[in-house]
Amino acid sequence: MPDPVVTKELTKVYKEGKIEVTALKSTNLILEKGVVVGLFGPSGSGKTTLLSMLGCILRPTSGSLNIFGNEVCGLAEEDLPRIRREFISFIFQGFNLFPALTAYENVILGLKMKGIVGEDADKRACYMLSEVGLKERMHFLPRDVSGGQRQRIAVARALAADSPIILADEPTGNLDQSNGRKVMELLKHMAASQRRCIVVATHDNRIMDLIDRVLYMEDGSIRQEKRS
Ligand SMILES: Nc1ncnc2c1ncn2[C@@H]1O[C@H](COP(=O)(O)OP(=O)(O)OP(=O)(O)O)[C@@H](O)[C@H]1O
Ligand SMILES: [Mg+2]
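The model shown is predicted, which means the values in this text are computed figures rather than measured ones. (Residues numbered from 1 in each chain as written. Chains lettered and ligands numbered in written order. Predicted model: local features only at pLDDT ≥ 70, side-chain atom pairs only at ≥ 80, totals over all residues. Heavy atoms only, no water.)

Novice: Just to check I follow, could you spell out the overall build of the protein chain for this structure?
Specialist: Secondary structure assignment for the protein chain yields 6 helices and 10 strands. The C-alpha radius of gyration of the protein chain comes to 17 Å, within 12% of the 17 Å expected for a compact globule of 228 residues. Seen through its C-alpha atoms, the protein chain measures out along the principal axes to roughly 45 × 40 × 40 Å. Relative to its full complement of 228 residues, the protein chain shows a buried share of 50%. Across the protein chain, the fraction of contacts at a sequence separation of at least 24, relative to all contacts at a separation of at least 6, is 69%. (Helix = DSSP H or I, 4+ residues; strand = E, 2+ residues; numbered from the N terminus. Rg over C-alpha atoms; globule rule 2.2 N^0.38 Å. Buried < 20%, exposed > 50% of the residue type's maximum accessible area, 1.4 Å probe, protein only. Contact = heavy atoms within 4.5 Å.)

Novice: Mind showing me how you'd approach the nonpolar core here?
Specialist: Side chains that are nonpolar tend, in soluble globular proteins, to be buried together. Among the nonpolar cores identified, the biggest contains 41 residues, and Leu111, Leu129, Leu159, Met184, Leu187 and Ile198 are the most heavily contacted of them. Of all elements in the fold, only β3 (35-40), α3 (103-113), α4 (118-131), α5 (147-160), β7 (165-169), α6 (177-194) and β8 (197-201) reach the threshold of two or more residues within this core. Of all the elements, α5 adds the most residues to this core, at 7 residues. Residue contacts for Ile198: discarding those within four places in its chain leaves Val35, Val36, Val37, Ile166, Leu187, Met190 and Ala191. Leu39, Leu80, Ile165 and Cys197 belong to the second-largest nonpolar core, a separate cluster that totals 29 residues. (Core = buried A, V, L, I, M, F, W, Y, C linked by side-chain atoms within 4.5 Å.)

Novice: Help me understand the packing of aromatic side chains, please; the structure alone is not making it clear to me.
Specialist: Each aromatic ring pair is characterised by the separation of its centres together with the angle its planes make. Following the criterion strictly, the structure yields 2 aromatic pairs and no others. The ring centre of Phe140 lies 5.3 Å from the NZ or CZ of Arg137, which sits over that ring. (Phe/Tyr/Trp six-rings, centres within 6.5 Å; stacked < 30°, edge-to-face > 60°. Lys NZ or Arg CZ within 6 Å of the ring centre and 35° of its normal.)

Novice: I would appreciate a short explanation of the environment of Asn96 in the present structure.
Specialist: Locating Asn96 in the fold gives a position in the loop between β6 (88-91) and α3. Each C-alpha atom of the pair Asn96 and Ala160 lies 16 Å from the other, and the pair is 64 residues apart in sequence.

Novice: What should I look at first to understand the site of ligand 1 in this one?
Specialist: The full set close to ligand 1 counts 14 residues, and Ser43, Gly44, Lys47, Thr48 and Thr49 are the nearest of them. A distance of 2.6 Å separates an oxygen atom of ligand 1 from a polar side-chain atom of Thr49. A distance of 2.9 Å is found between an oxygen atom of ligand 1 and a side-chain nitrogen or oxygen belonging to His203. Contact with the protein chains hides 65% of the accessible area of ligand 1, taken as 640 Å² for the molecule alone. Examining the composition of the shell around ligand 1, we find that 3 residues originate from one element, helix α1 (residues 47-54), more than from any other. (Near = heavy atom within 4 Å. Polar contact = N/O pair within 3.5 Å; in protein donor to acceptor, adjacent residues only side chain to side chain. Areas by Shrake-Rupley, 256 points an atom, 1.4 Å probe, with all protein chains shown as cover.)

Novice: How should the packing of α4 against α5 be read in this particular structure?
Specialist: Between two packed helices, both the angle of their axes relative to each other and the distance between the axes serve to describe the pair. Interaxial distance between α4 and α5 falls to 9 Å at its minimum, and their mutual angle equals 135°. The angle between the axes of α4 and α5 places the two elements in the oblique class. Here the hand of the crossing between α4 and α5 comes out right-handed. Mapping the contact onto sequence places Arg124, Met128 and Leu129 in α4 and Ala156, Leu159 and Ala160 in α5. Looking at the contact of α4 with α5 residue by residue, the classes come out as 5 nonpolar, no polar and 1 charged. (Axes fitted to C-alpha atoms, helices over the stretch in contact; angles between N-to-C directions. Parallel < 35°, antiparallel > 145°, perpendicular 65-115°, else oblique. Left-handed = near helix turned anticlockwise from the far one by under 90°. Nonpolar A, V, L, I, M, F, W, Y, C, P; charged D, E, K, R; others polar.)

Novice: Could you clarify how one ought to interpret the packing of α3 against α4 in this entry?
Specialist: It is the contact of α3 with α4, at a shortest axis distance of 9 Å, that shows an interaxial angle of 130°. Considered as vectors, α3 and α4 are oriented oblique to each other. Judged by the sense of rotation from one axis to the other, the crossing of α3 with α4 is right-handed. For the pair α3 and α4, the contacting residues are Ala103, Tyr104, Val107, Ile108 and Leu111 in the first and Ala121, Asp122, Arg124, Ala125, Cys126 and Leu129 in the second. Grouping the amino acids of the contact of α3 with α4 by side-chain chemistry returns 9 nonpolar, no polar and 2 charged.

Here it is as structure tokens:
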């Protein structure tokens, strides 16, 4: 079975008119199953850029990206949703919840996009929303809950689908210490017990002990790596 993620010389250059910003410089990376990877580094170092390319929501400028044996860079735009649907769940830095849908409906819609519907979807949505502590808030709209609770809806939506790769951009950014740890413990448990590949971009040093492999980014490159 191929590794969840293999990148070779993966590079992203953003072009704004005549100005070019190299947000990720030629990066080689192998990500395994069952491991929680933490992407650390200052603002602007390239964490979201790397995560977005791994999630197939941002196209690399050059290099290769392989997801469970599928070479992604050569694929046409219309083939990318299949890769995302089959392998990837993403927790966005800005949550990306649908404002007119309740917490429960947001999770159900996320599942529907993965082809999971009916009783199975209902069970998964209720279970995951309870796991993140939102059982009582399940039928509230995003605007009627706190920022941290919104973040936990986004976490529940991503985790309910059982994707083998979970990518999370600052998943504890809006959470207090206790809720932040709960979310990370849930992610760690999923990595260990279900052999998921989990990548978390974060500034949050309080969750360092729950991360198996730390990649420290600076100026578009991975500068340091530590395994616990
Ligand atoms: N759409 C874009 N167009 C042009 N430049 C961009 C774009 N998105 C990001 N950048 C630039 O790429 C670099 C990396 O940005 P990125 O968002 O990946 O950083 P980050 O490590 O996630 O930062 P933060 O911790 O603030 O979220 C920055 O210099 C940023 O200004
Ligand atoms: Mg970011």
